[in-house]
Amino acid sequence: MNYYSTNNKNLKVSFREAVMKGLSPDGGLFMPELIPQLDADFINNLNNYSIQEIGFEVAKLFIDNEIPDPDLENIIENAINFDAPLVELDNKLSILELFHGPTLAFKDFGARFMARTMSHFLKDSDEVVNILVATSGDTGSAVASGFYGVEGINVYLLYPSGKVSDIQEMQLTTFDKNITALEIEGTFDDCQKLVKSAFVDNEINSKMKLSSANSINIARLIPQSFYYFNGYKQLKNRSENVLVSVPSGNLGNLTAGLMAKKMGLPIAKFIGATNSNSVFTEFIRSGKYEPRPSVKTLSNAMDVGAPSNLARIQSLYTDHSIILKDIASNTHNDDQTIEMIQQTYRKYNYIIDPHGAVGMLALEQYLAEEKLEDYSAIVVETAHPAKFKESVEDALGIDIKLPEALQKCISKEKKTIKISNSYSAFKEFLLNT
Ligand SMILES: *Cc1c(COP(=O)(O)O)cnc(C)c1O
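Because the structure is predicted, anything quoted here is derived from the model rather than measured. (Residues numbered from 1 in each chain as written. Predicted model: local features only at pLDDT ≥ 70, side-chain atom pairs only at ≥ 80, totals over all residues. Heavy atoms only, no water.)

Draft legend 1. Spotlight on the pattern of salt bridges. Under the defined criterion, the tally for this structure stands at 13 salt bridges. Notably, a salt bridge pairs E127 with K209, separated by 3.7 Å at the nearest N-O pair. Linking E127 in the loop between α5 (107-122) and β6 (129-134) with K209 in strand β9 (residues 209-211), this pair joins segments that are 82 residues apart in sequence. A salt bridge links E169 to K414, with the nearest nitrogen and oxygen atoms 2.9 Å apart. Highlighted residues: E169 in helix α7 (residues 166-173) and K414 in the loop between α18 (404-410) and β14 (417-420), separated in sequence by 245 residues. Judged by relative accessible area, K414 falls into the partly exposed class, the value being 42%. Taken together, the shared-partner salt bridges in this structure form one network comprising D201, E203, K207 and K427. (Salt bridge = Lys/Arg side-chain N within 4 Å of Asp/Glu carboxyl O. Helix = DSSP H or I, 4+ residues; strand = E, 2+ residues; numbered from the N terminus. Buried < 20%, exposed > 50% of the residue type's maximum accessible area, 1.4 Å probe, protein only.)

As structure tokens, this is what we get:
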């Protein structure tokens, strides 16, 4: 299978090149030149397959023979070594919990698969790849955890000193081995600038191989389609009208769901749920894409003003009217998010995090407007509520227990290297490692 750039359909590369490059040189995102179709038999018999087996069947079609089957099986078994259960709230509404990985957010699926895929491609060379990640919190820990102990790869996490939450900092700074946390005296934008400058610095690039691991890598997208199949498989009460609401920021999660639908998964409608950063909702309603600076909300992993995967969604459809057949979108603010956390707890005794709550809100509005009677709805829960302990505790007036994975970090020592936000200091650090 070849991958094209969303900026130029004629620019095509192999899967390996798409993964190792991340972004196309022309600034476009890589997309598979066709969306493979799964056998109807396979879809009808999903119950017979584990999430890892589903993952293998799906990934194989995207990768062809660029990774031998036994190696691909291994990658998936090591990457997806946790569950993605569907929890029924009532006979029409279920929550797809994607937070059972090591960093308690759905990004573990993509980061762990990408890490092992890159390591596979580097296996027979003595090349060492250095991954630079600027992070405002969540992405950094998923990437670090995904690459932890993976051969041939060093990871440098740049985060703004004093500007991530305590829990996030613990998750970023308690690794060892091939992961190094760099505490930058500056903002997230400064971190991003340092990384970008390093990528275009000839001296650095002649001495070390740099790569990025951000959310636009195709190897993060493919494994995110696995859990839609696995979620559908677990639906007990399957109506013709299966609705899936996806809390959305950069739209990677939603794009992976749309790809699953194109592969043959019978989902009637996706609902892209946005917080006050509603650029995507406005795009769906007006057909116009008008990016703008992001604003801070309680569901901060969705605070995106220029969602990069929109280019991929557009490449999946020929026309806006066809997009509207598959996708709806609604937007809600922080006050509504808090109310929904409370309502979900009251009604179902279920603790939902702020991102999942935005998903619940978008679904609720969709059902009210469409006046649907017969449906089965799935809300994707992207993070464990303990990751957003303060807002959830404030909303509900209860204590949220930290899961084991987080408790483990608390007892570990914080290890960082402090660097000023000047590029010369960062460059000196890189050249001396
Ligand atoms: C990253 C993230 C999102 C947004 O996902 P996209 O793929 O960027 O749309 C939603 N919720 C949580 C908890 C996240 O970490």
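Draft legend 2. Fine view of the packing of helix α8 (residues 188-199) against helix α19 (residues 423-432). Contact geometry of α8 with α19 gives a least axis separation of 10 Å together with a crossing angle of 60°. Relative to α19, α8 is oriented oblique. The hand of the α8/α19 crossing is right-handed. For the pair α8 and α19, the contacting residues are L194, V195, S197 and A198 in the first and Y423, F426 and L430 in the second. In the contact of α8 with α19, the residues fall into six nonpolar, one polar and no charged. (Axes fitted to C-alpha atoms, helices over the stretch in contact; angles between N-to-C directions. Parallel < 35°, antiparallel > 145°, perpendicular 65-115°, else oblique. Left-handed = near helix turned anticlockwise from the far one by under 90°. Contact = heavy atoms within 4.5 Å. Nonpolar A, V, L, I, M, F, W, Y, C, P; charged D, E, K, R; others polar.)

Draft legend 3. Highlighting the site of the ligand. Near the ligand there are 15 residues, and of these K107, G249, N250, L251 and T382 occur at the shortest range. K107 is positioned such that a nitrogen or oxygen atom in its side chain is 2.5 Å from an oxygen atom of the ligand. A distance of 2.8 Å separates an oxygen atom of the ligand from a polar atom in the backbone of L251. Contact with the protein chains hides 96% of the accessible area of the ligand, taken as 390 Å² for the molecule alone. (Near = heavy atom within 4 Å. Polar contact = N/O pair within 3.5 Å; in protein donor to acceptor, adjacent residues only side chain to side chain. Areas by Shrake-Rupley, 256 points an atom, 1.4 Å probe, with all protein chains shown as cover.)

Draft legend 4. Representation of the sheet that holds strand β8 (residues 179-185) in the model. Reading across from one edge, β9-β6-β7-β8-β14 is the order of the five strands in this open sheet, with parallel pairing throughout. The open sheet has two edge strands with one neighbour each: β9 and β14. Sheet twist, expressed as the average angle between the axes of neighbouring strands with direction ignored, equals 30°. Direction of pairing for strand β7 (residues 153-160) relative to β8: parallel, over a ladder of six bridges. Among the inter-strand pairings, L158 is bridged to a residue of β8, identified as L182. Where helix α6 (residues 138-147) meets the sheet, its contacts fall on β6, β7 and β8, and the angle it forms with β7 comes to roughly 160°. Strands β6, β7, β8 and β14 of the sheet are contacted by α19, whose axis makes an angle of about 140° with β14. (Pairing = 2+ DSSP bridges.)

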